[in-house]
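Observations on the model geometry
Below are the chains, spelled out letter by letter.
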Amino acid sequence: MSTIKAFDLKEIRRGNKALESDKTLVDSLAKASLETMTLEEKIEQLHGSKGSGDMGTEKGLYWSGENSAKGIPPFKMVDGPRGLRAGFATAFPVPMARGASFDPTLERRVGMAIGEEVAAAGGNVLLAPTVNLLRHPGWGRAQETYSEDPFHMGLMGLAFVCGAQNFVLASPKHFALNNLETTRFEVNSEIDERALHEVYLPHFRRSIVDGCAASIMSAYNKVNGTYCGENSNLLEKILRDDWGFEGFVESDWLLGTRSTAPAINAGMDIEMPAAYWFKQEKIEDSVAKGEILTETIDRNVLRVLRQKFAFGLTSQISVSKERIECEEHLSLAQEVAEKSFVLLKNEGVLPLKAIQNIALIGKLAATENLGDRGSSMVRSTHVSTPFDGIENWNGASFTFFEDAPESDVLEGFDVAVVVAGYTYQDEGEYIPTLNKESSGNDLARGGDRSSLRLPIDQEELIGAVSSRAKKTVVLLETGSSVNVYPWIDSIEALLVIWYPGCEGGKAIARTLYGEVNPSGRLPALFPKSDEQFGEWDTNAKEVKHGLFHGYRYLDCKHEKALFPFGFGLSYTEFKVKSVFVNRKKRHFSVIVAVSNQGKVDGDCVVQLYVSCLNSKVDRAKKELKGFGRLSLPANEEMNLEFEVPDSDLCFYDREAGWVLESCLYRFSIGFSSEDLPFSQTWRFEDTSWTKEA
Ligand code: BGC
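Residues numbered from 1 in each chain as written. Predicted model: local features only at pLDDT ≥ 70, side-chain atom pairs only at ≥ 80, totals over all residues. Heavy atoms only, no water.

1. Details of the domain arrangement of the protein chain
- As assigned here, the protein chain comprises domain 1 (19-318), domain 2 (337-556) and domain 3 (574-691).
- Of the residues lining the interface, 59 residues belong to domain 1; the matching set on domain 2 comes to 57 residues.
- Summing the contributions of domain 1 and of domain 2, the shared interface buries around 5000 Å²; its carbon and sulfur component is 54%.
- Between the two partners, domain 1 and domain 2, sit 5 salt bridges.
- With its nearest N and O atoms 3.0 Å apart, the salt bridge here joins Arg 552 to Asp 149.
- If you look at where domain 1 meets domain 2, you find 36 residue pairs in polar contact (both at pLDDT 80 or more).
- Every element with two or more residues in the side of domain 1 that touches domain 2 is listed here: α5 (95-100), α7 (150-164), β7 (188-191) and α8 (193-200).
- Top contributing element to the side of domain 1 that touches domain 2 by residue count: α8, with 5 residues.
- The residue inventory of the side of domain 1 that touches domain 2, partitioned by class, reads 27 nonpolar, 16 polar and 16 charged. (Domains from an automatic or database assignment. Contact = heavy atoms within 4.5 Å. Buried area = accessible area lost by both parts, 1.4 Å probe. Salt bridge = Lys/Arg side-chain N within 4 Å of Asp/Glu carboxyl O. Polar contact = N/O pair within 3.5 Å; in protein donor to acceptor, adjacent residues only side chain to side chain. Helix = DSSP H or I, 4+ residues; strand = E, 2+ residues; numbered from the N terminus. Nonpolar A, V, L, I, M, F, W, Y, C, P; charged D, E, K, R; others polar.)

2. Some words on the site of the ligand
- Neighbouring the ligand are Asp 79, Leu 127, Arg 141, Lys 173, His 174, Arg 184, Met 217, Tyr 220, Asp 252, Trp 253, Ser 375 and Glu 429.
- Between the ligand and Lys 173, the relevant distance is 3.0 Å, taken from an oxygen atom to a side-chain nitrogen or oxygen of the residue.
- Considered on its own, the ligand offers 300 Å² of accessible surface; in the complex 95% of this is hidden by protein. (Near = heavy atom within 4 Å. Areas by Shrake-Rupley, 256 points an atom, 1.4 Å probe, with all protein chains shown as cover.)

3. Looking at the pairing of strand β30 (residues 688-691)
- Sheet analysis places strand β29 (residues 678-685) next to β30, joined by 4 bridges and oriented antiparallel. In the sheet register, Arg 683 faces β30, and the bridge partner there is Thr 690.
- Between β29 and the antiparallel strand that follows it, β30, lie 2 residues; Asp 686 among them carries a positive phi value of about 55°. (Pairing = 2+ DSSP bridges.)

4. Considering the sheet that holds strand β2 (residues 48-49)
- Taken in spatial order, the 5 strands line up as β2-β3-β4-β5-β6 in an open sheet, and their pairing is mixed. Every interior strand has two partners, whereas the edge strands, β2 and β6 (169-170), have only one.
- In the sheet, strand β4 (residues 75-78) pairs with strand β5 (residues 125-126) via 2 bridges, with the strands oriented parallel. Within β5, the residue paired with Val 78 across the bridge is Leu 126.

5. Looking at the packing of α7 against helix α9 (residues 202-209)
- Running from amino to carboxyl end, α7 crosses α9 at an angle of 30°, the nearest separation of the two axes being 8 Å. If you check the angle between α7 and α9, you find them roughly parallel. For the pair α7 and α9, the sense of crossing is right-handed. Along the contact surface, α7 presents Pro 150, Phe 151, Met 153, Gly 154, Leu 155, Gly 157, Leu 158 and Val 161, while α9 presents Pro 202, His 203, Arg 206 and Ser 207.
- Looking at side-chain class alone, the contact of α7 with α9 contains 7 nonpolar, 4 polar and 1 charged residues. (Axes fitted to C-alpha atoms, helices over the stretch in contact; angles between N-to-C directions. Parallel < 35°, antiparallel > 145°, perpendicular 65-115°, else oblique. Left-handed = near helix turned anticlockwise from the far one by under 90°.)

6. Digging into the pairing of strand β23 (residues 602-612)
- Where burial is concerned, most of β23 is hidden: 11 out of the 11 residues are buried.
- A two-sided burial pattern is seen for β23, the buried positions comprising Gly 602, Cys 604, Val 606, Leu 608, Val 610 and Cys 612 on one face and Asp 603, Val 605, Gln 607, Tyr 609 and Ser 611 on the other.
- One ladder, built from 9 bridges, connects β23 with strand β24 (residues 623-632); its direction is antiparallel. Across the sheet, residue Gln 607 finds its bridge partner in β24, namely Phe 627.
- Pairing geometry for β23 and strand β28 (residues 664-670), over 6 bridges, is antiparallel. Across the sheet, residue Tyr 609 finds its bridge partner in β28, namely Ser 668. (Buried < 20%, exposed > 50% of the residue type's maximum accessible area, 1.4 Å probe, protein only.)

7. Digging into α9
- By the burial criterion, the buried members of α9 are His 203, Phe 204, Arg 206, Ser 207 and Ile 208.
- Structurally, α9 contributes buried residues whose contacts are with α7, α8, β8 (215-217) and α10 (232-242).

8. Some remarks on the packing of α8 against α10
- The geometry of α8 relative to α10 is characterised by a closest axis approach of 14 Å and an angle of 60° between their N-to-C directions. Taken together, the axis directions place α8 and α10 in an arrangement best described as oblique. Where α8 crosses over α10, the handedness of that crossing is right-handed. Residues Glu 193, Leu 196 and His 197 of α8 form the contact with α10, whose participating residues are Asn 233, Ile 238 and Asp 242.
- Tallied by class, the residues present in the contact of α8 with α10 amount to 2 nonpolar, 2 polar and 2 charged.

9. Let's talk about empty space enclosed by the protein
- Throughout the structure, instances matching the rule amount to 4 cavities of 30 Å³ or more.
- Considering only enclosed or pocket space, the largest cavity measures out at about 150 Å³ in volume.
- Lining of the largest cavity is provided by 18 residues; of these, Glu 198, Arg 619, Ala 620, Glu 623 and Cys 650 occupy positions nearest its centre.
- Elements supplying a minimum of two residues to the lining of the largest cavity: α8, β23 and β24.
- Both of domain 1 (19-318) and domain 3 (574-691) provide at least three residues apiece to the lining of the largest cavity.
- Counted as a void, the second largest cavity has a volume near 40 Å³.
- Around the second largest cavity, the lining residues are Thr 367, Asn 369, Leu 370, Val 383, Ser 384, Thr 385, Pro 386, Glu 477, Pro 500 and Gly 501. (1 Å grid on protein atoms, 1.4 Å probe; cavity = no way out; pocket = protein on both sides within 12 Å on 5 of 7 lines; lining within 4 Å. Points joined across faces, edges and corners; volume = space filled by probe spheres on them.)

10. Some remarks on the pattern of salt bridges
- Inspection of every chain in the model, using the stated rule, returns 45 salt bridges.
- Measuring nitrogen to oxygen at the nearest pair gives 3.2 Å for the salt bridge that ties Lys 23 to Glu 246. One end of the pair, Lys 23, is in helix α3 (residues 23-35); the other, Glu 246, is in the loop between α10 and β11 (248-250), and 223 residues separate them in sequence.
- Between Arg 510 and Glu 338 there is a salt bridge; the shortest N-O distance is 2.6 Å.

See below:
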């Protein structure tokens, strides 16, 4: 039987320019260049500027540090997480959807495609991925990130960085603890060292240490009372001293920099998008007063220059404009959508049959709903809506209604398919504009969701249709978890389609009609009620962060989710046949045999969780420590191999750092955080491991 690796770091890192550059050479080039610069020229490297191109306009590229006299090219930065935000581009499904694919190899390809489109548009720094943990699914920018789980987020973010850095510099953001939108410019995130290192930072660390991300964007908020943009614990101690980060830090836009000397000394390298605190006069003044040492300026400038040489920005590399919205990227966007849809309920209604007569209902069915209209907004030349997808499906017989038709009308249909959910007006990056109905290139609305229920008109639509139709299928458009409890029992099938990108409609039709077998899994649990998540105040100015949120929090309370983390149905059935846990040198190798017991081919996502049973410290009941996706033809069986390094079993101690505690470790394997039929326990004592009977 064939065995495949659940995660292949070597494959993920392939082509990442940061890993391939000659550090000694880069360092000497950067130093030589620095030596030729005046203080004024050095300062120019440390802030955004109009340069000789557009800034923040139609071209959408933000420049910094151009010095053509010295042959130093500018950075040209551009968003973002679901595609190139400049002109027209391929709009991929939002990152939360991609998180549902549980497929880092696929995410690497998305990173590559977006990186390539950025390069084709003349950019060289991609302001993505967003790897802020989903502490609460009501966060407005939930759709921009991947997950509620740090391990899952770590692999997805790493894969994106490595893919993107085949072409451009990547910039994971927002460092750190940015997870509330409405008060993002002022909120203070309180956290202790343990929760910081174990829960809120491991995914950033992976992008830096394993992915060698070239830059990182700081966050607007405060952490433990200090703004992230001048927080030396984050920017120096953790980023540089602990993780060995060698790239540069740029501020988040507008209010991301709060001072001159404190920010520069703390390790903020570039103020974006323009100089305010990092203006020539202000920095020169601080240097004259001795508040900033010239060595500190040199240190920061060198970090900037090194990346320009490491990525070869000094020599003109050009990517053809034809690569923007090329066939290959569009079909990748469709593949990703197909792998991201999560089937949460299916009482014998899906897949649909071509002979069935369908009522397609809801304004959203014919709306281009690609996600929010904040900085991650992407415009595509063509967008395939659910309506387009079904209309173009060969042999589909359907009628479209904007609102719920009367019972006598619905009687004539075999199935009602309702498209319901949110839009940019309900959730997203909060851009307070007067124009609520933003369109085109406008940015608008967004903000946090104070409730996880759908807007009232959407719940009413589902209610009206389900009470009148023979069978109701809901396609749910959302950026993260929804409280579907009030209406889930009234419908026959629920497919979460997120914001499915520019090829979403095609993917929807293929999934509904069974050409594609749903294989997405929830990267964030769906609750039984809003209250299950505990306190959520979208206007909070102080937020306490702890060890437990999401499934960890529910586990603590011995509560079950409505649909747990990692859950998703398929048109076939998978079974874990056997599990072998083997102790190796500094890791465990876990081999899981899985079979497809149904009649159709499909992909499954196998998950591995670890519980620490008699720990001296407070620990989550279980934590995800491995996942892998398998494509299994009907009636076939395959092995998936996980590698769990000892370092993933440690907890963080303020004094001692990462500690591998002497205690019992239980490895549990299955298909969601609440469906773990196989487990095996190992004891660690002093330095040796033994299997428990
Ligand atoms: C957002 C960033 C984005 C930047 C540039 C900021 O307001 O928080 O995520 O990259 O704008 O558009």
